[in-house]
Amino acid sequence: MLITTRAIVLKSVKFGDAKLIIDMFTQTHGRMSFIVNIAKTNKGKIKRQYFQLFNVLELVVDYRNGKELQHIRDIRLAGQFPAISLSPGKLSITMFLGEFLNYATMGEQANVPLFEFICSAMEWLDASASGYVNFHLVFMAKLSRFIGLYPNVGSYAEGDVFDLRAATFTHTIPMHPDYVPAVASSNIVRLLRMDFSNMHLFAMSHSDRNSIVDFMVDYYRIHLPVMPALVSLDVVRDVFR
């Protein structure tokens, strides 16, 4: 069955001399993986440069239900974010978010709002000249809404800790080690009030930012067991000192 869909590139891995295995999040079928033959000349239809991280592609897929690796019948570049590649800070953010999303969306079915969120977020980052140091934190917080992991914040009171397992704030220290101390928990509450347009108004130190990203990664790893330790976490922790 032929299907036409937009797709966001999350990961590409070389397979043999002239093939790539590509993980993408598609608009119509959610997470999918593909095996592609890369053209050796510029006249070929499928070119390696199409599969840069977060490129948006228009695909015609020869879809086979139950098949692990799908095949692309036709392809067109539908969107890319050139300003990101010119900024070391933005590149570090997208490297981290690419690895993070590759696991966070694993097994995700069709989710058009999630697809549109990722596209619009990358458009915002590409267009921004400044004020994006907390982008990855806001992205991770907002993503939780789309995949059913948004925490319960309605009961928060000053001095509460955040229970990572129960996804809620509590007045008492949990009987397990997976919780966020009170000061860092107040920063998480601040984070959940942010969006891309106002996050520059919330002052946050480099230490606070790294504390939050560590807790956010722990939160996702608890609730998404497929997520391993992220290789790129150290990269994003070192930026924006």
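Structure first, text after, so check above.
Predicted model only: the values in this text are computed from it and were never measured.

Analysis parameters
- Residues numbered from 1 in each chain as written.
- Predicted model: local features only at pLDDT ≥ 70, side-chain atom pairs only at ≥ 80, totals over all residues.
- Heavy atoms only, no water.
- Core = buried A, V, L, I, M, F, W, Y, C linked by side-chain atoms within 4.5 Å.
- Buried < 20%, exposed > 50% of the residue type's maximum accessible area, 1.4 Å probe, protein only.
- Helix = DSSP H or I, 4+ residues; strand = E, 2+ residues; numbered from the N terminus.
- Contact = heavy atoms within 4.5 Å.
- 1 Å grid on protein atoms, 1.4 Å probe; cavity = no way out; pocket = protein on both sides within 12 Å on 5 of 7 lines; lining within 4 Å.
- Points joined across faces, edges and corners; volume = space filled by probe spheres on them.
- Nonpolar A, V, L, I, M, F, W, Y, C, P; charged D, E, K, R; others polar.
- Pairing = 2+ DSSP bridges.
- Axes fitted to C-alpha atoms, helices over the stretch in contact; angles between N-to-C directions.
- Salt bridge = Lys/Arg side-chain N within 4 Å of Asp/Glu carboxyl O.

1. Points about the nonpolar core
- Core analysis: the biggest nonpolar cluster contains 59 residues, and Leu97, Phe100, Phe135, Phe139 and Tyr220 have the highest contact counts within it.
- Among the elements of the structure, β1 (2–15), α1 (88–104), α2 (112–127), α3 (135–146), α4 (182–192), α5 (206–223) and α6 (233–237) are those that each provide at least two residues to this core.
- A per-element tally of this core places α2 first, with eight residues.
- Excluding anything up to four places from it in sequence, Tyr220 contacts Phe100, Met140, Leu143, Ser144, Ile147, Leu149 and Met227.
- Counting residues in hydrophobic clusters, the runner-up holds 19 residues, among them Val9, Ile38, Ile46 and Leu57.

2. Remarks on the environment of Tyr220
- Within the fold, Tyr220 resides in helix α5.
- The buried category is assigned to Tyr220, whose relative accessible area is 0%.
- Taking C-alpha positions, Tyr220 is 8.7 Å from Ser144, a pair spaced 76 residues apart along the chain.

3. Digging into empty space enclosed by the protein
- On inspection of all chains with the given rule, the structure shows one cavity of 30 Å³ or more.
- The calculated volume of the largest cavity comes to roughly 100 Å³.
- Lining the largest cavity are 13 residues, and of these Pro151, Phe162, Ile188, Met216 and Tyr219 sit closest to its centre.
- With four residues, α5 is the single largest residue contributor to the lining of the largest cavity.
- The residue makeup of the lining of the largest cavity, split by class, is twelve nonpolar, one polar and no charged.

4. A look at the sheet that holds strand β5 (residues 71–79)
- Spatial ordering of the open sheet is given by β3-β2-β1-β4-β5, a layout of five strands whose pairing is antiparallel. Edge positions in the sheet fall to β3 (30–37) and β5, since each has one partner strand and no second. Pairwise comparison of adjacent strand axes, ignoring direction, gives a mean angle of 40 degrees for this sheet.
- The pairing of strand β4 (residues 56–62) with β5 spans seven bridges and is antiparallel. The residue bridging Val61 from the neighbouring strand is Ile72, located in β5.
- Sitting on the sheet, α1 touches β1, β2 (19–26) and β3, and the angle it makes with β1 is about 115 degrees.
- In the packing of α2 onto the sheet, the strands contacted are β1, β2 and β4, and the crossing angle to β1 comes to about 60 degrees.

5. As for the pattern of salt bridges
- Scanning the model with the defined rule gives seven salt bridges in all.
- Of the charged contacts in the structure, one is a salt bridge between Arg6 and Glu116, with a shortest N-O distance of 2.8 Å. Taken together, the positions of Arg6 in strand β1 and Glu116 in helix α2 put the pair 110 residues apart, joining distant regions of the chain.
- Exposure remark for Arg6: the relative accessible area of 24% places this residue in the partly exposed category.
- The partner of Asp62 in a salt bridge is Arg64, and the shortest N-O contact between them spans 3.1 Å.
- For Asp62, a relative accessible area of 16% gives the class buried.
- Taken together, the salt bridges that share partners define one network made up of Asp62, Arg64 and Arg73.

6. Here's the deal with α4
- Buried residues of α4: Ala184, Ser185, Asn187, Ile188, Val189, Leu191 and Leu192, and no others.
- In the core, the buried residues of α4 are packed alongside α3, β6 (161–163), β7 (168–170), β8 (179–180) and α5.

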